[in-house]
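Here are the chains, one letter per residue:
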Amino acid sequence: MQRVSRISWNFELRSAVADTFDRYIQLPGENEAGGILLGEIYPDQNLIRVVEATVPTRADRATATTWHRDTDSANKHIHRAWRDSDGRVQYIGEWHTHAQRHPRPSGRDRQTMNELVREPGLVTDWLLLAIIGQRSNYFSKWTTASEERINFQELS
Ligand SMILES: [Zn+2]
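These numbers were taken from a predicted model, which means no experiment stands behind them.

Draft legend 1. Quick peek at the overall build of the protein. The helix and strand inventory of the protein stands at three helices and 10 strands. Beginning at the N terminus, the succession of helices and strands in the protein can be written as β-α-β-β-β-β-α-β-α-β-β-β-β. Projected onto its principal axes, the C-alpha positions of the protein cover 50 × 35 × 35 Å. Out of the 156 residues belonging to the protein, those deemed buried represent 28%. Partitioning the intrachain contacts of the protein with sequence separation of at least 6 by distance along the chain shows that 68% fall at a separation of at least 24.

Have a look at this one:
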C-alpha cells in the first residue's frame, strides 16, 4: 500500500521579500514583473525560508499578461547566491505579478511550473510559486504530482 507523506512545512518570508512584492504590484497599464525566489531549507525543522526575490532584468520579457524570465541571468544569480552563502541559499521558486485583484495561475503558469519542477538539475522535488495580485497574493508549493496552497509567516 502506498503511503502519502503528511509532513507539513512551515514557510517564512523575509520582510525585504514582501517589500519587493509590494513594490511591483501591477497597476493598470503596467506589464507583469517577476523573478526567482531564493531561500534556505531546514529539513529538521520542516522550514523553508524565502530570503530573496530577484527583480526583473533587462533580459526578461514581459507584457501586460505574460512574464518570461531569462534563464541565463537567473542561473548566474542562483550560482552567485549559492556560492556567497556557502551553499545555504538556493533556488526555490518563481514569482511574478498579475493585473488581477486576487490572482490565480494561468494555464501557461501551470505548464511552466510543471516543466520547472521536472528539471533534472533541481535539488528539491518541489518549487514555490508566488503570484502577486493587487489585493491578495497566491502562494503555492508545486511537486510533480500536486499543487498545495501555502501561507508565509513574514519575518521582521
Ligand atoms: Zn502568471
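Draft legend 2. Region of interest: the sheet that holds strand 3 (residues 47–53). Spatial ordering of the open sheet is given by 9-8-7-6-2-3-1-10, a layout of eight strands whose pairing is mixed. Edge positions in the sheet fall to strand 9 (147–149) and strand 10 (153–154), since each of these pairs with one other strand and no more. Pairing between strand 6 (residues 90–97) and strand 7 (residues 127–132): five bridges, direction parallel. Bridged to T97 within strand 7 is I132.

Draft legend 3. Geometry of unusual backbone geometry. A positive phi angle is found at N46, which is not glycine, with a value near 50°. Its location among the elements puts N46 in the loop between strand 2 (34–42) and strand 3. Residue class for N46 comes out exposed when judged on the 12 C-beta atoms lying within 10 Å of it.

Draft legend 4. How the structure looks around helix 2 (residues 71–84). Taking 1.5 Å as the rise per residue, helix 2 with 14 residues should run 20 Å; its terminal C-alpha atoms sit 20 Å apart, in good agreement. Of all 14 residues making up helix 2, only one are buried, and the element is barely covered by its neighbours.

Draft legend 5. Just the nonpolar core, in detail. Membership of the largest hydrophobic core comes to 25 residues, with the highest contact counts inside it found for L37, L38, I92, L127, L129 and A130. If you tally residues by element for this core, the top one is strand 7, at six residues. Beyond its immediate stretch of four places on either side in the chain, L38 contacts V51, E52, A81, V89, Q90, Y91 and I92.

Rules used throughout
Residues numbered from 1 in each chain as written. Predicted model: local features only at pLDDT ≥ 70, side-chain atom pairs only at ≥ 80, totals over all residues. Helix = DSSP H or I, 4+ residues; strand = E, 2+ residues; numbered from the N terminus. Buried ≥ 20, exposed ≤ 12 C-beta atoms within 10 Å, placed from the backbone. Contact = placed C-beta atoms within 7 Å. Pairing = 2+ DSSP bridges. Expected span 1.5 Å × (residues − 1). Core = buried A, V, L, I, M, F, W, Y, C linked by C-beta atoms within 7 Å.

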